[in-house]
Amino acid sequence: MVEDLRLDSLEGVGPVTTRKLSDAGVHNVMDLIVRGPVEIAEITGMEKDTAEKIVNKARQHLVEGGLIAKDFVSASEIYKHRQSIGKITTGTNCLDTLFDGGIETQALTEVYGEFGCGKTQFAHTMSVMVQKSKEEGGLEGSVLYIDTENTFRPERIVSIAQAHEMDPERVLDNIIVARAYNSAHQTLILEEAGSIIEENNVKLIVADSAVGLFRSEYLGRGTLSNRQQKLNHFVHLLSRIAETYNCAAIATNQVMASPDVFFGDPTRPIGGNVVAHTSTYRIYFKKSGKKRIARMVDSPHHPEEEVIFALGEAGVIDPEEAEKKTKKTTTKKTTTKKTKSEIDSSTETPNVETTTETSEIETPVETSEIKPIESTMDVESDSLDPVEE
């Protein structure tokens, strides 16, 4: 399989062309399909017609090997192929309902929302869930995590893996982290990812976040056109890699507040129509107190609906699980309060007994004092009767 994907296997590709392509990050036949004839001509310096011939030969080679679909197929064949597409469970009933079973392979799933809404927690959770067996909803593959905001935390991966009863060390070994320092480096990482995906059986690519570095480097309206071109190249490259290598792709996106919106939610994702049209599925995360709301904004076949989820030790969780945990903590607090009150009541009981004893001693004294007063009153009344007569 690997030998069939070598550049040498294509007709008309000699050692000189192979060396030029390898120096530009094109290591196999799949990379030719991903990069396209225009980019191949730019990075190698060959003519555009020659690059188109090489890419067309690569496409025919992959079609004959059954790795990509034919040019003309019936809808029934596409439907059968769609039934065999892999899905990665989210570990929650609510989000699995939203995604109709989980995150799909050969597709780009974009998740956008404000800070603290759970985008990175969702990416960490999916990095663990993809490593589960197919019977448990995973794909038994590894992860390529492109970190652009320095938000990847292996401690969080360990806690999520322990919550799902998985080996934390094994889970960490199957996650390949690439720290991107600028937008050019971010694109270069994705261009060089072909060999890493093949060698490590990568089934999930995470870009967290996909637009952050482009947003910070290209400032002002004068650089908007150049930024959108670079961003368009990165997002399309990510989508083509997911489709060609049969893996899932998740891209988190930042948001901005639209000042012209007076009613409703003014939150808008960054990237404009370039990112919106390229993403296969688009999901909006927003805060709702301690819980979170996920809404399917754009999808080829999913309905536009909302679900409620929460964040916990296991990453993204169902809201029912979060309520159960809060109830357990409240019951623990009430039991501790009861034990404290019992201890206080046991210490206060001797004082109550002493007060009752003192009251019992004082009562006969009061009765004895009252009786002589009543007798004297009787005597005085008897003495007054004769005088009145």
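Residues numbered from 1 in each chain as written. Predicted model: local features only at pLDDT ≥ 70, side-chain atom pairs only at ≥ 80, totals over all residues. Heavy atoms only, no water.

A.B. asks: Provide a residue-level description of helix α6 (residues 119–129), including the pertinent values.
C.D. replies: For α6, the buried fraction is high: 10 of the 11 residues fall into the buried class. Among the residues of α6, Lys119, Thr120, Phe122, Ala123, His124, Thr125, Met126, Ser127, Val128 and Met129 are the ones counted as buried. (Buried < 20%, exposed > 50% of the residue type's maximum accessible area, 1.4 Å probe, protein only. Helix = DSSP H or I, 4+ residues; strand = E, 2+ residues; numbered from the N terminus.)

A.B. asks: Outline helix α2 (residues 29–44), supporting the account with residue identities and numerical values.
C.D. replies: Under the 1.5 Å per step criterion, the end-to-end length of α2 is only 15 Å for 16 residues, more than 12% shorter than the ideal 22 Å. Glycine 36 marks the point of greatest bend in α2, at about 100°, and the proline proline 37 comes within the next four residues. Among the residues of α2, Val29, Met30, Asp31, Leu32, Val34, Arg35, Gly36, Glu39, Ile40, Ala41 and Thr44 are the ones counted as buried. Residue asparagine 28 occupies the N-cap position of α2, its side-chain oxygen lying 3.3 Å from the main-chain nitrogen of methionine 30. (Expected span 1.5 Å × (residues − 1). Bend = angle between axes of the 7 residues up to and from the residue. Polar contact = N/O pair within 3.5 Å; in protein donor to acceptor, adjacent residues only side chain to side chain.)

A.B. asks: Go over unusual backbone geometry, please, and point to the residues and values.
C.D. replies: At the junction of aspartate 208 and serine 209, the peptide bond is cis and its omega measures out at -10° in the coordinates. Within the element layout of this structure, serine 209 appears in the loop between β6 (202–208) and α11 (212–217). At asparagine 201, a residue that is not glycine, the phi angle is positive and equals roughly 55°. Within the chain, asparagine 246 stands out as a residue other than glycine whose phi angle is a positive 55°. Within the fold, asparagine 246 resides in the loop between α12 (224–244) and β7 (248–253).

A.B. asks: Which residues make up the pairing of β7, and what are the values?
C.D. replies: In terms of residue burial, β7 counts as a mostly covered element, since six of its six residues are buried. Where burial is concerned, the two faces of β7 agree: the one with Ala248, Ile250 and Thr252 and the one with Ala249, Ala251 and Asn253 are both buried. As paired strands, strand β3 (residues 108–113) and β7 are joined by five bridges and run parallel to one another. Within the sheet, the bridge partner assigned to threonine 109 lies in β7 and is isoleucine 250. (Pairing = 2+ DSSP bridges.)

A.B. asks: Describe the nonpolar core, listing the residues and the values that go with them.
C.D. replies: Counting residues in hydrophobic clusters, the biggest one holds 48 residues, and the most contacted among them are Leu32, Ile40, Leu190, Ile205, Leu238 and Ile241. Examining the composition of this core, we find that seven residues originate from one element, α12, more than from any other. Listed in part, the 37 residues of the second largest apolar core include Ala107, Phe152, Met166 and Val307. (Core = buried A, V, L, I, M, F, W, Y, C linked by side-chain atoms within 4.5 Å.)

A.B. asks: Go over the packing of helix α9 (residues 183–191) against α12, please, and point to the residues and values.
C.D. replies: Two elements in contact, α9 and α12, have axes whose closest approach is 10 Å; the angle formed by their N-to-C orientations is 20°. Here α12 runs roughly parallel to α9, going by the angle between their axes. Handedness of the crossing formed by α9 with α12: left-handed. For the pair α9 and α12, contact is made by Gln186, Thr187, Leu190 and Glu191 and by His233, Phe234, Leu237, Leu238 and Ile241, respectively. (Axes fitted to C-alpha atoms, helices over the stretch in contact; angles between N-to-C directions. Parallel < 35°, antiparallel > 145°, perpendicular 65-115°, else oblique. Left-handed = near helix turned anticlockwise from the far one by under 90°. Contact = heavy atoms within 4.5 Å.)

A.B. asks: Got a sec to walk through the environment of threonine 252? Specific residues and values, please.
C.D. replies: Here threonine 252 lies in strand β7. A relative accessible area of 1% places threonine 252 in the buried class. Along the primary structure threonine 252 and alanine 207 are separated by 45 residues, whereas in three dimensions their C-alpha atoms are 6.4 Å apart. If we ignore the near neighbours within four places in the chain, the residues touching threonine 252 are Val111, Lys119, Ala207, Asp208, Ser209, Ala210 and Val211.

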